Amino acid sequence: QVQLVESGGGLVQAGGSLRLSCATSGRTFSNYAMAWFRQAPGKDREFVAVINWNTGNTRYVDSVKGRFTISRDNAKNTVYLQMNSLKPEDTAVYFCAARRHTGTYSYTTTSYGDWGQGTQVTVSS
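Report follows, based on the coordinates.

Each value, and the rule that gives it
- Residues numbered from 1 in each chain as written.
- Predicted model: local features only at pLDDT ≥ 70, side-chain atom pairs only at ≥ 80, totals over all residues.
- Heavy atoms only, no water.
- Buried < 20%, exposed > 50% of the residue type's maximum accessible area, 1.4 Å probe, protein only.
- Helix = DSSP H or I, 4+ residues; strand = E, 2+ residues; numbered from the N terminus.
- Pairing = 2+ DSSP bridges.

1. What about the pairing of strand S11 (residues 119-124)?
Argument step 1. Residues Thr 119, Val 121 and Val 123 point to one face of S11 and are all buried, whereas Gln 120, Thr 122 and Ser 124, pointing to the other face, are not buried.
Argument step 2. Across 4 bridges, strand S2 (residues 10-13) lies against S11 in parallel orientation. Paired with Leu 11 across the strands is Thr 122, a residue of S11.
Argument step 3. Pairing of strand S9 (residues 92-100) with S11, which is carried by 3 bridges, proceeds in the antiparallel orientation. Residue pairing for S11: Val 93 is matched across the bridge by Gln 120.

2. Side note on the environment of Leu 86
Argument step 1. Its place among the elements puts Leu 86 in the loop between strand S8 (78-83) and S9.
Argument step 2. Here Leu 86 falls in the buried class, since its relative accessible area comes to 2%.
Argument step 3. In this structure, the C-alpha to C-alpha distance between Leu 86 and Tyr 107, residues 21 residues apart in sequence, is 22 Å.

Structure follows, in structure tokens:
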């Protein structure tokens, strides 16, 4: 059974930092793309960042470039999202997702078949 379990969310002041973790189990994700999405109240779920587990290549949404970093630890089967210089508009539930990597990156929720339960990130002004 595939499991993605997020942790690390919380309440932080604007300008602060958080590191989210996504612990994976139930499958070898070496040929997968691992992504972070977020969903703010009343809004659609949106792409944040993605990493190719094999190569470590990454992509980011423009609004987080230079502030967020996605990475993975092969030994721990865990994907991370380091979030720095947080802004109130980063407030959302953050989800980890996985899809088999096809050679191109996908930024849409429908392309990802495995999801975690989400972790809340709240940034106060």
